[in-house]
Amino acid sequence: MEELAQHILDLLMNSWEAGATEVEAVVEEDSERDLMIISVTDNGKGMEPELLAKALDPFTTTRSTRGVGLGLSLLQAMADSCNGSIKVESSPANGCSVTIELQRSHWDRLPLGDIPATISAFVCAAPYVRLKFRYVINGHGYLFDSAKVEKLIAPVPLNHPKVIQWIKESVKEELTQFV
Amino acid sequence: MKTIQELEKIRRDALEEIRLREEGEKIRVVVGLGTCGIAAGAREIMNALTEEIARQNVDAVVTPTGCIGFCIQEPLIEVHIPGMKKVTYGNVTVDMAKEIVEKHLVGRTILSQWVIHE
């Protein structure tokens, strides 16, 4: 992975595969504490304690087609490489939450990358999952909520190619103004 | 500037298209969006496909799948056109994705040089 935004898309797709109907991604940059905190929280089917205990093991997967699952272990390796940490919390009743904390100024910290592309790809992939994306930088916040767009566009589905284009462009413009 | 008025226009046009089109099975383009796909650039492929489909006004939907086991050939896409056999393209680039929309989805010609499975 070359960008944090790709890891975020990977986590969002995990939530999709876990049957989530709502997922929230938060990126928080705090220059005072030199931290970048990223979390993805969903209401999917979650993990039993036994699975949770080995969730970061690359030889753990729920898939039957092959024996490896690399997403979370790659994320862990990335966090380790920039003085960071990873936390996975989950239970069948509460869905799943993955949080990473990185040293913002670390030489090896990946760039945040193309957030609008991650949002539009996920809404296209999972139009029936409500996505909230929150970006907080030094206390100022930006929020994207797919439910707002869905309300304006209904009954046209959110994954209509022109709607996806609109979402990507409008998030891009709003983030440019914000940052 | 992207405005709500613009979104409202997309909505009206899309509703009109839906009204005019006969109900039938849509064209589906499936993009591998597992960890392997994302690391290889599938997000850009998904966005390029959507952009080109919107630009050419094709009645098609782009959907995801997880890893299908050919990680080395990611980004992978499958094209499902009603009445035609399913075609899988591998090592797809943004330019290839646009050409696939133009030649395969619109022109109904399979780009056999990029096919890894049909």
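Note that the structure is a prediction, hence the values are computed from the model and not measured.

About the criteria used
Residues numbered from 1 in each chain as written. Chains lettered and ligands numbered in written order. Predicted model: local features only at pLDDT ≥ 70, side-chain atom pairs only at ≥ 80, totals over all residues. Pairing = 2+ DSSP bridges. Helix = DSSP H or I, 4+ residues; strand = E, 2+ residues; numbered from the N terminus. Axes fitted to C-alpha atoms, helices over the stretch in contact; angles between N-to-C directions. Contact = placed C-beta atoms within 7 Å.

So, on to the sheet that holds strand S4 (residues 87–89) of chain B. Residues and elements named next belong to chain B. Ordered by their spatial adjacency, 5 strands build an open sheet running S2-S1-S3-S4-S5, and the pairing between neighbours is mixed. Either end of the sheet is taken by a strand with one partner, and the two such strands are strand S2 (60–65) and strand S5 (115–117). Averaged over neighbouring strand pairs, the angle between their axes works out to 30° when direction is ignored. Judged from the 2 bridges that link them, S4 and S5 form a sheet pairing that is antiparallel.

Attention shifts here to the pairing of strand S6 (residues 140–145) of chain A. Residues and elements named next belong to chain A. Of the pairings in the sheet, the one linking strand S5 (residues 130–137) to S6 comprises 6 bridges and is antiparallel in character. Looking at S6, one finds that Ile 137 is bridged to His 140. Following S5, the chain reverses through 2 residues before pairing antiparallel with S6; Asn 138 in that reversal takes a positive phi of roughly 45°.

What follows is about the sheet that holds strand S4 (residues 95–103) of chain A. Residue and element names in this part refer to chain A. One open sheet holds the 6 strands; their spatial order is S3-S4-S2-S1-S5-S6, and the pairing between them is mixed. Each edge of the open sheet is held by one strand with a lone partner, namely strand S3 (85–91) and S6. For this sheet the average axis-to-axis angle between neighbouring strands, irrespective of direction, equals 10°. Across the sheet, helix H1 (residues 4–17) lies against strand S1 (22–30), strand S2 (35–42) and S4, angled at about 20° from S2, the strand it touches most.

Residue and element names in this part refer to chain A. With respect to the helices and strands, the residue Val 171 is situated in helix H6 (residues 161–178). Distance in space between the C-alpha atoms of Val 171 and Cys 82 is 28 Å, their sequence separation being 89 residues. Ignoring sequence-local partners within four residues, the contact set of Val 171 consists of Pro 116, Ile 119 and Phe 144.

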